[in-house]
Amino acid sequence: MNPSIYNTLTRRKEELVPSGKAFGMYCCGPTVYGPAHIGNFRTFVVQDVLRRVLECSGMKVKHVRNITDVDDKTIRESRKLGLALADFTSKWADKFHEDCRKLNLLPPAVEPRATAHIAEQLEMVETLVRNGHAYAMPDGSVYFKISTFPDYGKLSGLNLEHAQTQATNSAGEANSADEYERENVSDFALWKGRKPEDGENFWKSPWGEGRPGWHIECSAMSKKYLGDSFDLHGGGVDLCFPHHENEIAQSACSTGKQPARYWFHSAHLMVEGQKMSKSLGNLFTLDDLLSRSYFPMQIRYALISGHYRQQLNFTFKGLDDAGSALAKLRKAVESALERSGISEADFKKLVAPKNCFDGTIFEGAWSALCDDLNVPRALGEIFSVLHKFSGDAGDAAALGSLLYALGIDIFAVPAPDEQVSAPPEISDMAQARWEAKKSGDYALADELRKKISDMGWLVSDAKDGFKLVPKPDSKAP
């Protein structure tokens with residue numbers, strides 16, 4: 001069976017069918033002005049699972065994910081530090097790639113950068129001006145005229161009759177912000193005339209020196225690498241409006257075709273029941289969590305443990321539960337492999353994209369993944385039949401393919417019995433941390449957790465105590 005997902009554009013669940021030899025999948029990537037946080041990575045990990053599931057179903061996938069390396073934020077932050085835009089953004093792009101590797105995200109087939117595709121963006125803007133969908137302003141900026149596209153708002157369900165059309169800001173100037181509130185719909189900037197705050201970050205255009213607006217890059221680059229019309233466009237639900245709405249408008253009006261047939265959006269992430277924000281101190285990066293002794297597979301598992309269309313409440317208890325679940329999974333697999341005589345090396349060869357689920361005990365888990373990417377139900381199905389797994393060749397192949405689909409490397413997970421060898425100094429430090437936590441001294445608890453991590457150990461809290469295990473990549477005794 002082909003997988004299905006909920007198509008935001010049509011408001012219904014649809015089977016994913018490639019329009020060509022490969023399934024074309026474009027995903028909005030990071031804006032590289034700082035480290036990505038776990039809310040960003042929830043979206044990227046969910047997209048990674050979708051790609052893997054498509055591959056397991058037998059499809060060839062062409063995955064394109066962009067890098068936004070020029071916009072209001074990247075220019076502002078690079079100038080604050082006195083750095084060239086390319087040097088500043090390259091640093092954060094490298095950090096993003098490092099985090100992706102730790103979380104076991106497959107690299108995209110193509111990862112275009114906005115600054116490397118200025119010509120393609122200018123060509124699309126010129127087409128829109130020429131056919132009457134865009135207009136130039138005296139300052140050299142070019143705006144898309146949303147009144148020329150009757151379908152504007154269809155993706156996000158925005159009713160233009162009930163929205164405030166705001167072509168100018170409160171100062172009476174053209175509204176050139178890359179982002180704006182849903183209630184204030186404006187003709188949006190395709191090209192921005194050069195301003196003093198841009199510094200040396202500008203390119204030549206038919207309308208004068210300037211730089212692209214945020215939205216045009218994805219339309220230009222998806223067209224270049226996937227064609228005028230492709231299969232699926234993905235992103236977080238926060239991108240549905242205005243970014244994806246604007247993408248559809250400018251792409252359709254420049255090519256005459258709907259850019260993507262399926263639109264795939266993942267819901268927001270909450271942290272301990274609260275919205276993520278810097279002011280609350282819960283805008284966690286991957287490094288923040290690793291410094292608290294959580295390991296990458298544990299974080300990945302927690303990020304995929306809720307359905308992608310439902311808001312995920314990311315908690316530290318959930319992380320601890322993820323660690324316990326992964327340890328249980330590893331132990332069950334290792335026991336079955338030992339009984340059947342299958343080596344770890346041979347099983348690792350089975351962790352590959354294959355459609356080999358029919359008639360196996362893991363058929364129900366695969367069906368769940370194919371049904372709107374229902375990862376929580378798939379995980380439940382896996383654990384419900386683990387006791388039946390005896391190392392049968394068909395079941396082993398199916399489990400290997402499921403682990404590939406989920407992106408879970410069980411051999412990068414500490415085994416449950418590995419905590420027994422913790423030396424006394426580590427155990428004493430962990431006990432001191434536990435007491436500090438119980439007394440409400442969370443600053444000391446975090447400090448001790450980091451020291452334990454620096455010494456090569458993970459401490460994971462349970463209801464009535466804690467567990468110590470060596471970090472997978474450490475040489476702790």
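Our subject is the structure that appears above.
Just so we're clear, the structure is a prediction, and the values are computed from it rather than from any experiment. (Residues numbered from 1 in each chain as written. Predicted model: local features only at pLDDT ≥ 70, side-chain atom pairs only at ≥ 80, totals over all residues. Heavy atoms only, no water.)

(A) The packing of aromatic side chains, seen in detail. Here the structure, examined in full by the defined rule, presents 13 aromatic pairs. Seen from their ring centres, Tyr 135 and Tyr 143 are 6.1 Å apart, and the 25 degrees between their planes marks the pair as stacked. For Tyr 143, a relative accessible area of 3% puts it in the buried group. For the ring pair Phe 144 and Phe 188, a centre distance of 5.1 Å and an interplane angle of 15 degrees mean the geometry is stacked. With Phe 144 in strand S6 (residues 142-144) and Phe 188 in the loop between strand S8 (184-185) and strand S9 (189-193), this residue pair connects regions lying 44 residues apart in the sequence. A residue is classified by how much of its surface remains accessible, and Phe 144, at 0% relative accessible area, is buried. Its end group placed over the ring of Tyr 404, Arg 52 keeps NZ or CZ at 4.9 Å from the ring centre. For the cation-ring pair, Arg 194 lies above Phe 202, with the distance from its terminal atom to the ring centre recorded as 3.7 Å. (Phe/Tyr/Trp six-rings, centres within 6.5 Å; stacked < 30°, edge-to-face > 60°. Buried < 20%, exposed > 50% of the residue type's maximum accessible area, 1.4 Å probe, protein only. Helix = DSSP H or I, 4+ residues; strand = E, 2+ residues; numbered from the N terminus. Lys NZ or Arg CZ within 6 Å of the ring centre and 35° of its normal.)

(B) The packing of helix H5 (residues 216-226) against helix H6 (residues 240-255), seen in detail. Packing of H5 against H6 brings their axes to within 8 Å, and their N-to-C directions diverge by 50 degrees. As far as their axial angle goes, H6 and H5 are oblique. You can see that H5 and H6 cross each other, and the crossing is right-handed. Only His 243, Glu 247, Gln 250, Ser 251 and Thr 255 of H6 make contact with H5, whose side of the interface consists of Ile 216, Cys 218, Ser 219 and Lys 223. For the contact of H5 with H6, the class distribution of residues is two nonpolar, five polar and two charged. (Axes fitted to C-alpha atoms, helices over the stretch in contact; angles between N-to-C directions. Parallel < 35°, antiparallel > 145°, perpendicular 65-115°, else oblique. Left-handed = near helix turned anticlockwise from the far one by under 90°. Contact = heavy atoms within 4.5 Å. Nonpolar A, V, L, I, M, F, W, Y, C, P; charged D, E, K, R; others polar.)

(C) Region of interest: unusual backbone geometry. The omega angle of the peptide bond from Phe 241 to Pro 242 is 5 degrees, so this bond is cis rather than trans. Along the polypeptide, Pro 242 turns up in helix H6. Positive phi is not limited to glycine here, since Arg 11 has a value of about 65 degrees. Mapping Arg 11 onto the fold places it in the loop between strand S1 (4-7) and strand S2 (12-15). Positive phi outside glycine occurs at Leu 373, with the angle close to 50 degrees. Turning to its location among the elements, Leu 373 is positioned in the loop between helix H11 (363-370) and helix H12 (375-385).

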